[in-house]
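Spelled out from the first residue to the last, the chains are:
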Amino acid sequence: LKKDNTKKIVINGAEMFKRIFEGINDYYATQPFYRALFLFGFTGRRKSEILKLKWENMDLDNNYYWIEGTKNNEKQKYELPNFIKEALLQIQDAHTGLVFKSPVTGRMLKNTDGQMNKLKKHLEMPELTLHYMRNVLVSALAERGTEAITLSGMLGHRDATTINKYLSLSYHNSSKKG
């Protein structure tokens, strides 16, 4: 299988960010498990990082969490936004072990495609994936002037130039600022 290195372009990242964020909160309003899962995607987390996340790696009192076994083999600490914390606290669970374990087997979720397909349909966005949310996040923040080094750190990159895979430049906004 040949890897597709085609960059996914995000136009009007801030508008798209708002639309997806509101869509997640609307569609999963009564399902905090999936609301939290998909909102983690909005903080730049990879699917594997979300699915491996453990309650023991959450500090709900001080609003941060850490990820072990990252793509670059580092333990990384991240801020826990209130909009995710609120959903996490609503999850009916013993709050031990995996955060996003299968409601059926109690083991790590292997597949989120069914729920993602429902969200895509709700938003009428066939291109939406957890990974695409990284592109949307970075493009929305770049439109607002966030520096590339900060964006790269948010995504957990060791090399700041990796951000170029995710960042869609807004030529119009850049020309206005210039």
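Basis of the calculations
- Residues numbered from 1 in each chain as written.
- Predicted model: local features only at pLDDT ≥ 70, side-chain atom pairs only at ≥ 80, totals over all residues.
- Heavy atoms only, no water.
- Helix = DSSP H or I, 4+ residues; strand = E, 2+ residues; numbered from the N terminus.
- Buried < 20%, exposed > 50% of the residue type's maximum accessible area, 1.4 Å probe, protein only.
- Contact = heavy atoms within 4.5 Å.
- Core = buried A, V, L, I, M, F, W, Y, C linked by side-chain atoms within 4.5 Å.
- Axes fitted to C-alpha atoms, helices over the stretch in contact; angles between N-to-C directions.
- Parallel < 35°, antiparallel > 145°, perpendicular 65-115°, else oblique.
- Nonpolar A, V, L, I, M, F, W, Y, C, P; charged D, E, K, R; others polar.
- Phe/Tyr/Trp six-rings, centres within 6.5 Å; stacked < 30°, edge-to-face > 60°.
- Lys NZ or Arg CZ within 6 Å of the ring centre and 35° of its normal.
- Pairing = 2+ DSSP bridges.

Novice: Could you give an account of the overall build of the protein chain, with specific residues and numbers?
Specialist: Secondary structure assignment for the protein chain yields eight helices and three strands. Starting at the N terminus, the α and β elements of the protein chain follow one another as α-α-α-β-β-β-α-α-α-α-α. Burial analysis of the protein chain (178 residues in total) assigns 44% to the buried set. Of the contacts made within the protein chain by residues no fewer than 6 positions apart, 62% connect residues no fewer than 24 positions apart.

Novice: Now, about the environment of R134: what can you tell me, with residues and values included?
Specialist: Along the chain, R134 turns up in helix α6 (residues 130–143). For R134 and R45, which are 89 residues apart along the polypeptide, the C-alpha to C-alpha distance reads 7.4 Å.

Novice: Can you break down the nonpolar core residue by residue, with the values?
Specialist: Judged by nonpolar contacts, the single largest core of 39 residues is most densely connected at I20, F38, F40, M58, L88, F100 and M133. Among the secondary structure elements, those contributing two or more residues to this core are α1 (13–27), α2 (32–41), α3 (47–52), β2 (64–67), α4 (82–90), α5 (113–123) and α6. By residue number, the principal contributor to this core is α2, which donates seven residues. Apart from the residues within four sequence positions on either side, I20 is in contact with F42, L123, M125, L128, M133 and V136.

Novice: How would you sum up the packing of α2 against α6? Please name residues and give values.
Specialist: Relative to each other, α2 and α6 sit at 50°, their axes nearing to 8 Å. By the angle between their axes, α2 is oblique relative to α6. Where α2 abuts α6, its residues L37, F38 and G41 lie against L130, M133 and R134. The residue makeup of the contact of α2 with α6, split by class, is four nonpolar, one polar and one charged.

Novice: Could you give an account of the packing of aromatic side chains, naming the residues involved and the relevant values?
Specialist: Under the counting rule described, the total for this entry stands at 13 aromatic pairs. A network of ring pairs unites the aromatic residues Y27, Y28, F33, Y34, F38, F40, Y65, Y78 and F100 as a single cluster. A cation over a ring is seen here: R45 above Y78, with NZ or CZ 3.7 Å from the ring centre. Geometry around Y64 places K77 over its ring, the cationic atom sitting 4.0 Å from the centre.

Novice: Give me the sheet that holds strand β3 (residues 76–79): which residues, what numbers.
Specialist: Read across the open sheet, the three strands follow the order β1-β2-β3; overall the sheet is antiparallel. Sheet topology places β1 (58–59) and β3 at the edges, where each strand pairs with a single neighbour. In terms of strand pairing, β2 meets β3 through four bridges, oriented antiparallel. Within β3, the residue paired with I67 across the bridge is Q76.

Novice: Can you explain unusual backbone geometry? Please cite residues and give values.
Specialist: Unusually for a residue other than glycine, H95 sits at a positive phi of about 60°. Judged by its relative accessible area of 26%, H95 falls in the partly exposed class.

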